[in-house]
Each structure stands twice: as C-alpha cells, then as structure tokens.
Amino acid sequence: MCGIVGYIGKENEISTLFYGLKKLEYRGYDSSGLAFFNGKNFKCVKSVGNMDRLKTKLNLSEKFSCGIGHTRWATNGAVILENTHPVISQSGEWILIHNGIIENAEELKQRYKIETLGNTDSEIVANLLEKKIAGSSLEKIRDVCSELKGSWAFLILNRNEENRIYIAKRKSPIYFCDSESGKLISSDPICFPSKEYFSMYDNNIGFIEKDKIAVYDANLKLISPKKYIFKNKEELGNKGKYEHFMLKEIKETPERINKICEKYTEDYLEKIFKKNILSSVKFIKIIGCGSAYHSGLMGAYYFRKNLRIESEAYLASEYKSSRQVINKDDLFIFVSQSGETADTIECLKMVRRRGAKTIVLTNVLESSMAKLSSVVLPIYAGPEIAVASTKAYSCQVAVFYILTKYFKKLLGEEIDFEKEKDKLLVAAEKISDLNEEEIQNISICCEKVFFLGKGKDYITSLEASLKFKEITYINSQCCPIGELKHGSLAVIDDCSKSLIFLSSKKLGKKVLNGVHEITSRKGKVLVISAFQGLVKTSDKVESYFLNCRGLSSETMPLVFTVFAQYLAYFNCIARNLNPDQPRNLAKSVTVE
Ligand code: M6R
C-alpha cells in the first residue's frame, strides 16, 4: 500500500503537500516524493528512506499551485530512487504516482519496447502514455487504462498542462474533496479538512482543476462521483502525550471495549441484521489476514463453543487458491481493520458472486469492504495508526464475543445478553490494571522466540508471535504446544526462549509436559499463567502471573493479548526501534 496526495488551487506552500503526505506515512515509508508546478517551473523531489529524508531536500516555504505526492511501500521493484514515485516518462511529459499493482506490466513493456530507469510497473505505465500519439490526454489515459490488468489509483500530471491533475481508479482507493483553498486528492480521507468527500467507481478516469472536477466512465461518458460523509473525523489520531501511536492505541483498549458494550445493544444488532441471519446457516466461515485472521480464529472458537455450528477461520490470501467449497447455507464474516486489504476484498467479491450471506466486521465504515456488504459490524476501535494492530484486534475479538451471545439468543437459548456483555467490561478493567513496569522488565534477548499455547491460548500465541516479530525483528514462531514433538522441538536449544500462555487450569498438565520437553532440550521457558503456583520455577523456567481473577474463560484471551502487545512494544523500544513504522510493512496491504 502507498499513500497518495494531490492538491490544485490557490498558491500554497509546499509544506501543505508535504504534511498532507506525512499523514499517510503509515501507508508506506520506504521512499517518498513530490512533483509540482511552482509557477515558473516543474519540480520533482524524491528520496529513499522515511519522509524526514525527503524534508531535507525540500524548501517547505516554496510556493506551488498544483502538485502530487507519494509515500511508498515497495511491492514492485527495490527501494531505490529510480523506483520512487513520482515516476517520469522518458521525454519528461508524463509524471505519475500509483497505488496498486499492474499485473501485465512486463508484457506491455516487451510489447511496446519500453525502456525504464527503474523496475516498477508504474514507470512502464508512465512510458506507455508517451507511446500513445493520438487523442487528448484524457483519451490517452483511457486507452492506457484499458490495456492494464490489476489495480490502480493513479494521479498523473502532464508537463504541458500545469492546471490539471488527471486521476484514474481501479480497485485501489482514491478520494477527493473541495476545500476553501482548493481541491485535495488522497488515498485516505483522513487528510481532508472537510467531512464531505467524493470517490470514483472502478475503471473511472477524470481530471481535477482549480475550479472543476470531471469524472468519466471507461467510455468517457461524464458521471457524478460518489459522495461520502466522514463519520469519525473528530477522532482522528494524534499521539497525544505518548511517544508512539502503538502505546497510545494499546492504552485505548479498555475505553474502546466499553464503547463496544455501550453500542452493541440487542436493539442495535436487530437493526443491523433486520432478519434472522442464522436461519439455515450450517457453517460460519471467517476470512481475514494477519491479526484480523487471528481474531477470526477466536471468533470461530467462540461460535463453535457457544453455538455448536461448524465455524472456521481462513487466511484470505489462501482462500481463493485452496479450492474451498462454498455453499448457499454458509455465512461468511470478513474481518479487516482497514477494510482495504486486497486479499480480503477479493474473497468478499468472490463470495458475493456465489450468493452466500456476508457480514463485514471493520473499523472503517467508509472503506471498500464496508461498501461491498449490506451487513456491516463496526468495531469502534477509533483510528488505528500504528502498523501493528493492537486495539483493533481486541475490539474485533470483543465484537465476536458479543455477536456470539447474540447468535446464541437467536438460536433460542435463554441467556442474559447484558450480563454476558458485562464480562467484557471486567476484562477491560483487568487490561487497565496490567502492570506495565513489570512487563517492561521482561526482556527477551535471544536468537529465536517461540510462542506456545493450547486451544484459545494457541490463538493468542499466534497473535503474540506476529506482534513480536513485526516490531522487534526477532525470529519468532508460534506452535500449538502439543505439536512441538512433531517437528519444532528440533530447533529448540539454549539460544531459544519459549513463551507459553496458560489460561485454563484444565490444560495445565498438558502444558507442563511441553515445558518439560523444552527444558530437556536446554530451552528457556517463560510461562504466562492465570494461576499462581502451577508452574515450578527453576534456572530454566520462569513464570509470570497474569491476574485474571473474576474473568470468564472466554474473555481471558483479551488480557493475555494486551499483555503480549505490551511485551512486544517494550522489547521493541529496548532494541531502539520505531514500533510505529516497522520495516518492510505497511498499515494495510492493498495489493494481492
Ligand atoms: O486492515 P486489515 O485488518 O485487513 O489488515 C490485515 C493485516 O494486514 C494486519 O492485521 C497486519 O497483520 C497487522 N500489521 C498486524 O499487526
């Protein structure tokens, strides 16, 4: 995923474009660049590295009236200046920034004998525009787009038209709005000062001028763009008193769980579902990526336990290619913080084509996924900026928990819905009580880390392991503790540390067998347990007591997860790394 901004309007300082783009740095930060007309000349300034490097190359008070900017997360071509956007065609006529992926770029490069400086698909498109001789700029863009396969949000400048920004969209998000000083374009409406903004439909192209917006379909028929109102505008993130978004967002978890409990009344759910969505459902299938997939695993666990309906979670990136059977009586739940993850969107579209029932569980009600499903469950996490998902994961789990209880009622079981929800509030309190100082002192200094657990603790371990590797860069793996002996024990040695989650006394014995297996291979162990005195400590085995007294077994994973998030955070800080911008990652991945 990449961040895109554009501005055309009254003369303004280039700092406005720079800081607009800076808000999108969470979408990618391995290189960035701006291209603009400053009244006399055209300028293009680019830099590899994060945006602070770009800043050193700019005169922020320089004036401009039309410009575009891009912050990149490299998916196509290495992180080098030649691959940094804006990319410019050979003659310099076309300047282009791109979010998405052109699947047939190589084929077009060969067919049109295109030469490029770097090796991005985007540069091939800029040069393809140059190969088109006939027609207006708009027609050339239309013709080029008709030859492309894949996904794109393009902003394009033509060197000879300094009062116009061209725009094209397919699958990747791009929005624009009218502000007092001029027109703004962005891949995320968080950049906009106004609540009202517009978007284009797939395969639309158009242009934006100081006083005009024109959007066309693929036949160049003029159409009206789609209008949206940004609902969460006031909540838009800043770090406040915290050094990092990640820490701030972890700390927001209890208040967000409270918000979910307040919003998710039975009435509210009835209004969302309108009718009994479970009627004739035989299988609940949950699809997501990364942390969203993990929360889906927890959702499936809740459903199986409470509803006795077959339920499974699937990785979106695998679902389409693993020859899954889709039946009419399947209910699909798509989980995504951003609502923009390409793999998940593709599965959602496929499932909808097959006529199955769908629910989208997301944090962004304006997102592409939310627009694709008639049933949308908001997770009320508020904006999540840090790349590592924290509060959004917990909110997804909380919504799954509430949904389970609601479904249970739909199936005719007598339960006190409000009382069940109260259990979440107790978990929120326990999360607030977590002892940060103690967690900060758990330093994990070793070559490899294993996160282990059984049942729902295995799901927590999966999420803990992802979070840990994502921001500490320590090689971390997750394994169900019972599976160790089927292979993974081979890599346990005195350079490894195994973190074992234990929230169920019933499973204690089996877990302790695992501890034994590890220590006999000289591995070190830290058991994070909801029970005191269950684990015998030694020079190889440490234990940390996580106070879950008064919690239901279903809500305990929330406390364990937040513990793991703090653990990852503090170990990241101890290694002098930036948790908000981990290497090689971006907040949401809009390419398949
Ligand atoms: O926006 P989404 O929830 O669809 O994103 C899915 C994953 O890319 C995301 O959860 C990723 O795994 C996080 N960086 C994990 O911290």
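Higher on the page you've got the structure.
Source: prediction; values computed, not measured. (Residues numbered from 1 in each chain as written. Predicted model: local features only at pLDDT ≥ 70, side-chain atom pairs only at ≥ 80, totals over all residues. Heavy atoms only, no water.)

Is there a simple way to think about the sheet that holds strand β7 (residues 150–158) in this case?
Picture the strands of a sheet paired through backbone hydrogen bonds; they go either parallel or antiparallel. In spatial order, the strands read β5-β6-β7-β8-β12-β13-β14; together these seven strands make up an open sheet with antiparallel pairing. Edge positions in the sheet fall to β5 (87–88) and β14 (222–223), since each has one partner strand and no second. Pairing geometry for β5 and strand β6 (residues 94–102), over two bridges, is antiparallel. The partner of Val-87 across the bridge, within β6, is Leu-96. Where helix α4 (residues 121–131) meets the sheet, it contacts β5, β6 and β7, and its direction lies at approximately 135° from that of β6. (Pairing = 2+ DSSP bridges. Helix = DSSP H or I, 4+ residues; strand = E, 2+ residues; numbered from the N terminus. Contact = heavy atoms within 4.5 Å. Axes fitted to C-alpha atoms, helices over the stretch in contact; angles between N-to-C directions.)

Quick question: what am I supposed to make of the packing of helix α16 (residues 456–472) against helix α18 (residues 556–574) here?
The relative placement of two packed helices comes down to the angle between their axes together with the axis-to-axis distance. At a minimum axis distance of 9 Å, the contact between α16 and α18 shows a crossing angle of 20°. Taken together, the axes of α16 and α18 lie roughly parallel to each other. Crossing hand, α16 versus α18: right-handed. Two secondary-structure elements touch here, α16 through Lys-456, Thr-460, Glu-463, Ala-464, Lys-467, Phe-468, Ile-471 and Thr-472 and α18 through Pro-557, Phe-560, Thr-561, Ala-564, Gln-565, Leu-567, Ala-568, Tyr-569, Asn-571 and Cys-572. Here the residues of the contact of α16 with α18 are counted per class, giving 10 nonpolar, five polar and three charged. (Parallel < 35°, antiparallel > 145°, perpendicular 65-115°, else oblique. Left-handed = near helix turned anticlockwise from the far one by under 90°. Nonpolar A, V, L, I, M, F, W, Y, C, P; charged D, E, K, R; others polar.)

Whenever I open this one, the packing of aromatic side chains confuses me. Can you help?
Aromatic ring pairs are defined here through the distance separating the ring centres and the angle between the ring planes. A full pass over the atoms with the stated rule returns 31 aromatic pairs. Plain terms: the ring middles of Phe-303 and Phe-407 are 5.7 Å apart, the flat faces sit at 35° to each other, and that makes the pair tilted. Of the two residues, Phe-303 sits in helix α9 (residues 290–307) while Phe-407 sits in helix α13 (residues 391–410), which places them 104 residues apart along the sequence. Like Phe-407, Phe-303 is buried. Counting every residue linked through ring pairs, the aromatic cluster contains Phe-273, Phe-303, Phe-400, Tyr-406, Phe-407 and Phe-417. A cation over an aromatic ring shows up here: Arg-164 above the ring of Phe-207, its NZ or CZ 3.5 Å from the ring centre. Cation over ring: Arg-583 sits above Tyr-473, and NZ or CZ is 4.0 Å from the ring centre. (Phe/Tyr/Trp six-rings, centres within 6.5 Å; stacked < 30°, edge-to-face > 60°. Buried < 20%, exposed > 50% of the residue type's maximum accessible area, 1.4 Å probe, protein only. Lys NZ or Arg CZ within 6 Å of the ring centre and 35° of its normal.)

Which parts of the structure should I look at to understand the nonpolar core?
Burial of nonpolar side chains together is a common tendency in soluble globular proteins. Residues Phe-273, Ile-284, Ile-333, Leu-377 and Phe-407 are the most contacted members of the largest nonpolar core, which totals 115 residues. Ranked by the residues each element gives to this core, the list is headed by α18, at 13 residues. Not counting residues up to four positions away in its chain, the partners in contact with Ile-284 are Leu-278, Phe-303, Leu-307, Ile-309, Glu-310, Ser-311, Glu-312, Leu-331, Ile-333 and Phe-407. One finds Ile-141, Ala-168, Ile-205 and Phe-207 within the second-largest nonpolar core, a separate group that totals 26 residues. (Core = buried A, V, L, I, M, F, W, Y, C linked by side-chain atoms within 4.5 Å.)

Where do I start with the side chain of Glu-554 in this structure?
Tracing the backbone through its elements, the reader meets Glu-554 in the loop between β25 (541–545) and α18. Polar side-chain contacts of Glu-554 include one of 3.0 Å to the side chain of Lys-305. In this view, Glu-554 contacts Tyr-302, Lys-305, Asn-306, Tyr-401 and Lys-405; residues no more than four positions away in its chain are not counted. (Polar contact = N/O pair within 3.5 Å; in protein donor to acceptor, adjacent residues only side chain to side chain.)

I would appreciate a short explanation of the pairing of strand β22 (residues 475–480) in the present structure.
Two elements, strand β21 (residues 448–453) and β22, share six bridges in a ladder whose sense is parallel. Looking at β22, one finds that Lys-448 is bridged to Asn-475.

Just to check I follow, could you spell out the sheet that holds strand β20 (residues 376–378) for this structure?
Ordered by their spatial adjacency, five strands build an open sheet running β17-β16-β18-β19-β20, and the pairing between neighbours is parallel. Looking at which strands have only one partner, the edges of the open sheet turn out to be β17 (310–315) and β20. Each strand of the sheet is rotated relative to its neighbour by a mean of 20°, with strand direction disregarded. Relative to strand β19 (residues 357–362), strand β18 (residues 330–336) runs parallel, the two sharing six bridges. The residue bridging Ile-333 from the neighbouring strand is Ile-359, located in β19. Across the sheet, helix α8 (residues 266–273) lies against β19 and β20, angled at about 150° from β20, the strand it touches most. Strand contacts of α9: β16 (283–288), β17 and β18, with the helix running at about 175° to β17, the strand carrying the most contacts.

Looking at this model, I keep getting lost on the environment of Ile-80. Mind explaining?
Position of Ile-80 relative to the elements: it lies in the loop between β4 (63–72) and β5. Judged by its relative accessible area of 34%, Ile-80 is partly exposed. In the structure, Ile-80 is positioned 42 residues away from Ser-122 in sequence and 14 Å away in space, judged by C-alpha atoms.

Before we go on, may I ask you to explain the site of the ligand in this structure?
Around the ligand lies a shell of 14 residues, among which Ser-336, Gln-337, Ser-338, Thr-341 and Glu-470 are the nearest. One nitrogen or oxygen atom from the main chain of Gln-337 is found 2.7 Å from an oxygen atom belonging to the ligand. The fraction of the free accessible surface of the ligand (410 Å²) that becomes covered by protein chains is 91%. When contributions to the shell around the ligand are tallied by element, the ones reaching two or more residues are α9 and α16. Among the residues making up the shell around the ligand, the classes are represented as five nonpolar, seven polar and two charged. (Near = heavy atom within 4 Å. Areas by Shrake-Rupley, 256 points an atom, 1.4 Å probe, with all protein chains shown as cover.)

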